Amino acid sequence: MTTATEVASNMHAPMRTCVGCRAVRPQAELLRSKLFHVGTDESADKEQVLPDQSVRTCAKRHGLRASSGRSAYVCPARACMERAARRGGFARAFARKTPPVDPAALWSAHGEVLAGMIDLLNRSGGTAAAPRVQRLAALATAMRAAVGRVS
Ligand SMILES: [Zn+2]
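Residues numbered from 1 in each chain as written. Predicted model: local features only at pLDDT ≥ 70, side-chain atom pairs only at ≥ 80, totals over all residues. Heavy atoms only, no water.

The protein chain is annotated in an unreviewed UniProt entry as DUF448 domain-containing protein from Nannocystis pusilla.

Following this line, the structure appears as structure tokens:
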């Protein structure tokens, strides 16, 4: 059952559409990807779809920067990730042609980035980080549960 408090907080939470299944869910429950330039080259073929937080967690990816202000949101479900990659969901979200997205690679990148962010927030400590850690941990749990369902 949904409590009145939950309804109220959901009303205020920004809602986004999954580019795989088109379900509308609170932004915090979705995996957010962005289109990045990899390297210093401006050419479009050096673009890659990566988790939104890649810049913070992948210091070794030199020259990584977002090449579009838009984001693509996907449910923490493998089926949604694969549907989005297969049916041009990412291109629609970024409103432009995107390089091919490998759903398995993007899925595992999201898993790594989530783990990295949780680790980063835990180490930076402070109770202010706790709600974010909780949200990220919930996403990571949803991803693990989704993997279990893939046959
Ligand atoms: Zn979905």
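**Digging into the overall build of the protein chain**
Along the backbone of the protein chain there are six helices and five strands. Counting from the amino terminus, the protein chain carries its helices and strands in the arrangement α-β-β-β-β-α-β-α-α-α-α. Counting the 151 residues in the protein chain, one finds 38% classified as buried. A sequence separation of at least 24 residues applies to 60% of the contacts in the protein chain between residues at least 6 apart. (Helix = DSSP H or I, 4+ residues; strand = E, 2+ residues; numbered from the N terminus. Buried < 20%, exposed > 50% of the residue type's maximum accessible area, 1.4 Å probe, protein only. Contact = heavy atoms within 4.5 Å.)

**Some points on the environment of T17**
Within the element layout of this structure, T17 appears in strand β1 (residues 15–17). A C-alpha to C-alpha distance of 8.8 Å links T17 and L30, two positions 13 residues apart in sequence. Residues in contact with T17, not counting those within four places in the same chain, are R22, A23, V24 and Y73.

**Quick word on the side chain of K34**
With respect to the element layout, K34 can be found in strand β3 (residues 31–37). Notably, K34 is buried but unbridged: the nearest opposite-charge side chain belongs to D52, and the N-O separation is 4.4 Å. Sequence-distant contacts of K34, defined by excluding residues within four places in its chain, comprise Q48, V49, L50, D52, A66, S68, G69, R70, S71 and F94. (Lys, Arg positive; Asp, Glu negative; His and termini not counted. Salt bridge = Lys/Arg side-chain N within 4 Å of Asp/Glu carboxyl O.)

**Remarks on the sheet that holds β3**
In space, the three strands of this open sheet follow the order β4-β3-β5, with antiparallel pairing throughout. Single-partner strands in this sheet number two, and they are β4 (47–51) and β5 (65–74). Averaged over neighbouring strand pairs, the angle between their axes works out to 25° when direction is ignored. Here six bridges tie β3 to β5, and the two strands are oriented antiparallel to one another. By the bridge assignment for β5, F36 is matched with A66. (Pairing = 2+ DSSP bridges. Axes fitted to C-alpha atoms, helices over the stretch in contact; angles between N-to-C directions.)

**Focus on the layout of surface pockets**
The space that makes up the largest pocket amounts to roughly 460 Å³. The wall of the largest pocket is formed by 22 residues, among which Q27, A28, E29, L30 and R135 lie closest to the centre. Elements that contribute at least two residues to the lining of the largest pocket include exactly α1 (4–12), β3, α5 (103–124) and α6 (130–149). For the lining of the largest pocket, the element with the highest residue contribution is α6, accounting for four residues. Here the lining of the largest pocket is composed, by residue class, of eleven nonpolar, five polar and six charged. (1 Å grid on protein atoms, 1.4 Å probe; cavity = no way out; pocket = protein on both sides within 12 Å on 5 of 7 lines; lining within 4 Å. Points joined across faces, edges and corners; volume = space filled by probe spheres on them. Nonpolar A, V, L, I, M, F, W, Y, C, P; charged D, E, K, R; others polar.)

**Description of the nonpolar core**
A general tendency of soluble globular proteins is for nonpolar side chains to be buried together. Core analysis: the biggest nonpolar cluster contains 32 residues, and L31, V49, V74, M81, F90 and L114 have the highest contact counts within it. Elements with a contribution of two residues or more to this core: β3, β5, α3 (78–86), α4 (89–94), α5 and α6. The element that contributes the greatest number of residues to this core is α5, accounting for seven residues. (Core = buried A, V, L, I, M, F, W, Y, C linked by side-chain atoms within 4.5 Å.)

**Description of unusual backbone geometry**
Positive phi is not limited to glycine here, since R22 has a value of about 70°. Here R22 lies in the loop between β1 and β2 (24–26). Here R22 falls in the exposed class, since its relative accessible area comes to 52%. Of note in the backbone geometry, A95 takes a positive phi value of approximately 55° without being a glycine.

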